[in-house]
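Read off the chains here:
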Amino acid sequence: MTPTAAPSSSNPTGTLSAGTLPILRTVEDLRSQVAAWRREGLTVALVPTMGALHDGHLGLIRRGRELADRVVASVFVNPTQFAPHEDFDRYPRDEGGDAAKLASAGCHALYAPTVRAMYPQGFATAISVGGPAEGLCGTFRPQMFGGVALVVTKLFLQALPDVAVFGEKDYQQLMVIRRFTRDLDIPVRVEGLPTVREADGLAMSSRNAYLSADERARAPELNRALTAAAAALAGGAEVDGALTGIRGRIAEAGFGTIDYVELRDAETLEPVSAVTRPARLLAAAWMGKARLIDNVPVIPAG
Ligand code: PAF
């Protein structure tokens, strides 16, 4: 294994030095690290990310530490989950900063493969997920869940962790990952963690960096509208009226295109027209150049 550290001005080649987080660049390095932990009888958690880490991600690391003896985070901006017109090129990248944050959160290793290592010349495999991948973001970003399924399956098979931790902020993604992990008999437990929010309720997201100061001030209205409607729905409010109310409220706050505002079953993600069992209220809408997504639980009263 040849662990390296994040390249920086003082360490341009990224060679490991004492006290830095090991950075693993190849699947061989990753497997060798995990095998060493396994020989010591240790359990392993994987936290897949696309980097530009914030406190939400660090919460996933901390949860990983509660669930396993060792935590490896992956940072990989996965090209297969972006359509050509989407923000793959401008997606924020800061490996040095990410490595420092991971180390401070107690992460034990960072897996940061190159695109060529993950998708070598001649790569020709795709994964298609139905069920929870249908509708919602699956309609507006048709490329996304196939790409997520592909890269997460690869990461699971590369690391073979005991458990993997994902945020509920990407609730549909979490349900899709649970689905294909079960369907493909991948022996990894998938754990979801509630969304980590800023003090004003905005869900933490790497894409919040695209917001201007004015847009940032308006953005929390998405969560406020969802939270108020969830309370009304739990108390028996009529679904169509509640969804229309959310649309009006966020449009008023300055959101532009609203991709969707929907109520779905919390487990299957099938559309529901009344709250008789746990449901989820999900929305995606554009604020300037940022496509913001959020979701909240709706638990029937009584
Ligand atoms: O949620 C993300 O950051 C990504 O979609 C994931 C799960 C790391 C796959 O690229």
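Residues numbered from 1 in each chain as written. Predicted model: local features only at pLDDT ≥ 70, side-chain atom pairs only at ≥ 80, totals over all residues. Heavy atoms only, no water.

**Observations regarding the UniProt feature "binding site: (R)-pantoate" (unreviewed entry) in the protein**
Line of reasoning, step 1. As annotated by UniProt and renumbered to match this structure, "binding site: (R)-pantoate" (unreviewed entry) occupies Gln81 and Gln173. Maximum C-alpha separation among the annotated residues is 11.5 Å over a sequence range of 93 residues, consistent with a single clustered spot.
Line of reasoning, step 2. Mapped onto the fold, Gln81 is located in the loop between strand 3 (70-75) and helix 3 (95-104).
Line of reasoning, step 3. Given the relative accessible area of 8%, Gln81 is considered buried.
Line of reasoning, step 4. Those residues in contact with Gln81 that lie beyond four places of it in its chain are Met50, Glu86, Arg141, Gln143, Met144, Gly147, Val148 and Val151. (UniProt positions renumbered as here; feature names shortened; annotations may be inferred. Helix = DSSP H or I, 4+ residues; strand = E, 2+ residues; numbered from the N terminus. Buried < 20%, exposed > 50% of the residue type's maximum accessible area, 1.4 Å probe, protein only. Contact = heavy atoms within 4.5 Å.)

**As for the environment of Ala234**
Line of reasoning, step 1. Tracing the chain through its elements places Ala234 in helix 9 (residues 221-234).
Line of reasoning, step 2. When the C-alpha positions of Ala234 and Ala266 are compared, they lie 13 Å apart, and in sequence the two are 32 residues distant.
Line of reasoning, step 3. Leave out the neighbours within four places in its chain, and Ala234 touches Val298, Ile299, Pro300 and Ala301.

**Let's talk about the site of the ligand**
Line of reasoning, step 1. Residues in contact with the ligand, as listed here, are Pro48, Thr49, Met50, Asn78, Gln81, Val148, Val151, Phe166 and Gln173.
Line of reasoning, step 2. A distance of 2.7 Å separates an oxygen atom of the ligand from a polar atom in the side chain of Gln173.
Line of reasoning, step 3. Relative to its unbound accessible surface of 290 Å², the ligand loses 90% to contact with the protein.
Line of reasoning, step 4. Mapped by element, the contributors of at least two residues to the shell around the ligand are strand 2 (44-49) and helix 6 (144-159). (Near = heavy atom within 4 Å. Polar contact = N/O pair within 3.5 Å; in protein donor to acceptor, adjacent residues only side chain to side chain. Areas by Shrake-Rupley, 256 points an atom, 1.4 Å probe, with all protein chains shown as cover.)

**Describing the sheet that holds strand 7 (residues 258-265)**
Line of reasoning, step 1. Ordered by their spatial adjacency, three strands build an open sheet running 7-8-9, and the pairing between neighbours is antiparallel. Only two strands of the sheet have a single neighbouring strand rather than two, namely strand 7 and strand 9 (290-298). Within this sheet the neighbouring strands show an average axis-to-axis angle of 10°, counted without direction.
Line of reasoning, step 2. On top of the sheet, helix 9 reaches strand 7, strand 8 (279-287) and strand 9; it is set at about 25° to strand 9, its chief contact. (Pairing = 2+ DSSP bridges. Axes fitted to C-alpha atoms, helices over the stretch in contact; angles between N-to-C directions.)

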